[in-house]
Amino acid sequence: MTGSEILFFILAALAVVAALLVVFQRNVVHCAMALVAALFVIAILFFTLHAPMVGALQILVYAGAIMVLFLFVIMLLNPTALEVRRGLWWSFGGVMALLLAGALAAVTTNDLPPADPVAATELFGSPETLAQSLFTEFVLPFEIASVLLLVAMVGAVVLAKRER
């Protein structure tokens, strides 16, 4: 088993643990933070595929902007349930942050060429290829996803206003 395979299995295990925490946490803020951790692990997996553009977009768009919107809606819908409790969650957050930092350090120091011949090309993960596929063959799903996010946000605001 090579070092990149071991790194993949570690990152996959972290992603699965973070995804399970998203589903099984009782506090919605903890679920959102576990989702941020899962999105960061996915970004690191993109970095291991030698696609830094897609990895950076994963962090900026999903772990950044979309999660800010999710947290805004969570606080808008249920502000009384957002109590901060110290304990196991904070220690888990510290351990997860250390593991993510170690995985990111391992990825950035990885000078091995990619094993996948598609990833070995210069076009894989480049801004030109991403923009070409996003705005030609995937423009309809891209716009549908943006409209669905907008409708979900408007629906959350309407539901929050209706209860008052």
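For the structure given in this document, a descriptive report is provided here.

The rules we used
- Residues numbered from 1 in each chain as written.
- Predicted model: local features only at pLDDT ≥ 70, side-chain atom pairs only at ≥ 80, totals over all residues.
- Heavy atoms only, no water.
- Helix = DSSP H or I, 4+ residues; strand = E, 2+ residues; numbered from the N terminus.
- Buried < 20%, exposed > 50% of the residue type's maximum accessible area, 1.4 Å probe, protein only.
- Contact = heavy atoms within 4.5 Å.
- Areas by Shrake-Rupley, 256 points an atom, 1.4 Å probe, with all protein chains shown as cover.
- 1 Å grid on protein atoms, 1.4 Å probe; cavity = no way out; pocket = protein on both sides within 12 Å on 5 of 7 lines; lining within 4 Å.
- Points joined across faces, edges and corners; volume = space filled by probe spheres on them.
- Nonpolar A, V, L, I, M, F, W, Y, C, P; charged D, E, K, R; others polar.

**Some words on the overall build of the protein chain**
- Scanning the protein chain from terminus to terminus reveals six helices and zero strands.
- Ordered by position in the sequence, the α and β elements of the protein chain form the string α-α-α-α-α-α.
- The buried share of the protein chain, reckoned over its 164 residues, is 23%.
- In the protein chain, of all internal contacts separated by at least 6 residues, the share reaching a separation of at least 24 is 69%.
- Per element, the accessible surface of the protein chain, about 11,000 Å² overall, is 75% carbon and sulfur.

**Describing the environment of V23**
- On the secondary structure map, V23 appears in helix α1 (residues 3-24).
- In the structure, V23 is positioned 12 residues away from L35 in sequence and 9.3 Å away in space, judged by C-alpha atoms.

**Quick word on the layout of surface pockets**
- Size it by volume and the largest pocket reaches roughly 570 Å³.
- Forming the walls of the largest pocket are 15 residues, and the residues nearest its centre are V61, Y62, L130, L134 and F142.
- Looking at the lining of the largest pocket, the elements that each hand over two or more residues are α3 (52-77), α5 (127-134) and α6 (139-163).
- If you tally residues by element for the lining of the largest pocket, the top one is α3, at six residues.
- For the lining of the largest pocket, the residue count by class is 12 nonpolar, three polar and no charged.

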